[in-house]
Every structure is written in structure tokens, then in C-alpha cells.
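# Per-entry structural report
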Amino acid sequence: MLPDDRMVIRPIKGEKMQIEKHKVALLEYTLTNDSGEIMDTSEGNEPLAYIQGIGNLVPGLEEELEGKSQGDELKVTVPPEKGYGVRDDGLIQVVDKSVFQGVDELQVGMQFQAQGDDGVQVIWITEINNDEVTIDGNHPLAGENLTFDLKVVEVRDATEEELDHGHVHGPGGHHH
Ligand code: ZN
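Residues numbered from 1 in each chain as written. Predicted model: local features only at pLDDT ≥ 70, side-chain atom pairs only at ≥ 80, totals over all residues. Heavy atoms only, no water.

## Side note on the pattern of salt bridges
The final tally for this structure, using the stated rule, is 4 salt bridges. Close ionic contact of Asp157 with Lys23 constitutes a salt bridge, the shortest N to O distance being 2.5 Å. Of this pair, Asp157 sits in strand S9 (residues 146-157) while Lys23 sits in strand S1 (residues 23-32), and the two are 134 residues apart along the sequence. Lys23 sits in the buried class, given a relative accessible area of 12%. A salt bridge links Lys82 to Glu63; its shortest N-O distance comes to 2.9 Å. In this pair, Lys82 sits in the loop between strand S4 (73-78) and strand S5 (92-96) while Glu63 sits in helix H1 (residues 59-65), placing the two residues 19 residues apart along the sequence. Here Lys82 falls in the partly exposed class, since its relative accessible area comes to 34%. (Salt bridge = Lys/Arg side-chain N within 4 Å of Asp/Glu carboxyl O. Helix = DSSP H or I, 4+ residues; strand = E, 2+ residues; numbered from the N terminus. Buried < 20%, exposed > 50% of the residue type's maximum accessible area, 1.4 Å probe, protein only.)

## What to know about the pairing of S4
Judged by which residues are buried, S4 turns out to be one-sided: Leu74, Val76 and Val78 face inward and are buried, whereas Glu73, Lys75 and Thr77, on the alternate face, are not. Bridge analysis of S4 against S9 gives 6 bridges, and the strand direction is antiparallel. The residue bridging Leu74 from the neighbouring strand is Leu150, located in S9. (Pairing = 2+ DSSP bridges.)

## Section: the sheet that holds S5
Reading across from one edge, S5-S8-S7-S6 is the order of the 4 strands in this open sheet, with antiparallel pairing throughout. Either end of the sheet is taken by a strand with one partner, and the two such strands are S5 and strand S6 (111-116). In this sheet, adjacent strand axes meet at a mean angle of 45° when their direction is disregarded. One ladder, built from 5 bridges, connects S5 with strand S8 (residues 132-136); its direction is antiparallel. Counted as the bridge partner of Gln93 is Ile135 from S8. (Axes fitted to C-alpha atoms, helices over the stretch in contact; angles between N-to-C directions.)

## Here's the deal with unusual backbone geometry
Of note, His22 is a non-glycine position whose phi angle comes to about 70°, a positive value. In this model, Asn130 sits at a positive phi of 50°, which is unusual for a non-glycine residue.

## Section: a negative patch on the surface
Taken together, the side chains of Glu28, Glu43, Glu73 and Asp149 make up a negatively charged region of the molecular surface. When you line up the elements, Glu28 lands in strand S1. Among the residues examined, Glu28 registers a relative accessible area of 37% and is labelled partly exposed. (Patch = residues over 30% accessible without salt bridge, like charges linked within 9 Å, V, L, I, M, F, W, Y side chains within 5 Å. Areas by Shrake-Rupley, 256 points an atom, 1.4 Å probe, with all protein chains shown as cover. Lys, Arg positive; Asp, Glu negative; His and termini not counted. Charge placed at Lys NZ, Arg CZ, Asp CG, Glu CD.)

Right, here's the structure in full:
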């Protein structure tokens with residue numbers, strides 16, 4: 001049907017902003033691992049706010065979110081290569097308790113920064129046996145397929161300050 005002279009033509013209202021580089025997006029999410037366990041969720045908290053395209057999220061997740069807009073719901077499975085990496089047994093090491101300085105009580109699951117010849121690395125304690133502590137430089141979710149249930153709550157431009165800092169300010173982000 002072609003417009004006739006009685007027809008009114010208006011621009012489409014509310015065209016939604018899409019997620020692309022340097023947009024801020026707020027997400028409701030639930031993360032499950034291969035065995036279907038919930039590893040993390042925004043349920044009961046404010047949505048997660050991040051800046052697209054600067055490595056705030058694992059690469060596979062950013063890829064899937066590109067082009068999505070407010071109200072979109074999606075379920076994506078990110079393989080380890082695009083998630084927290086494949087497991088590397090070379091990153092597992094047993095050290096003496098005494099290398100942990102200024103810590104009252106060591107517990108499995110604690111996260112530390114280790115300063116080595118190659119720079120700073122994040123490590124997790126995976127086992128404690130008397131004075132022997134097993135540390136692991138693999139992210140706890142390395143080697144896992146990550147399944148995210150996502151809902152895009154909001155998409156907006158990042159401010160210059162946010163881009164400067166590399167993170168979102170305000171709800172769901174950093175509070176200064
Ligand atoms: Zn900041």
C-alpha cells in the first residue's frame with residue numbers, strides 16, 4: 001500500500017541503541033558451568049554494568065552481545081578459548097606457607113597476586129596440606145564452557161571519564 005494524501009508518516013520512535021564498542025550496557029545474568037551449577041548471578045543484585053569492546057567481559061560474551069539492545073534476552077555458551085582460557089597444568093605449583101606474608105589464615109579459594117619474574121599473576125589457593133600450599137594460576141573457570149542467560153536492561157553511551165577509567169560509574173559499576 002502506497003501512502004495517499006490522507007496518510008500521516010512519522011519517524012519510527014524509540015529506535016533502540018545497540019551494543020557496540022564504547023557503549024555501556026547493563027545486564028541481568030546467570031552463569032552456569034558444564035555441570036549446570038550456578039557459578040554467578042545478578043539475581044538479587046543490581047545488573048552488571050560494563051563497557052563493550054575494552055575487555056571488561058570475556059571475549060566470547062562481548063562477541064555475542066554486539067548489536068543487541070535493551071530488552072533482548074539471550075542464552076549463549078562460550079567455549080574456554082573465548083572464556084577464561086584452557087587449563088594449563090604448568091600454572092599449578094606447590095609452595096611453602098611462608099611465602100604468604102601478612103596473611104593470618106590461609107584458606108582454599110583465596111585469591112592473591114604473585115610477583116614473579118614475568119610480572120604479576122593472579123593465583124588461587126586450591127589445596128592446603130600443613131605447610132604445603134597448592135597455588136593455581138588458572139582462573140577457577142578455566143577449561144569450562146560458560147553458559148550465560150542474559151537480559152539487556154539498558155544501553156547507553158559511555159562517558160569520557162568512564163572510558164578513561166575503563167569501567168562504568170554509577171549503578172552496577174564502580175562507585176566513587
Ligand atoms: Zn572510575
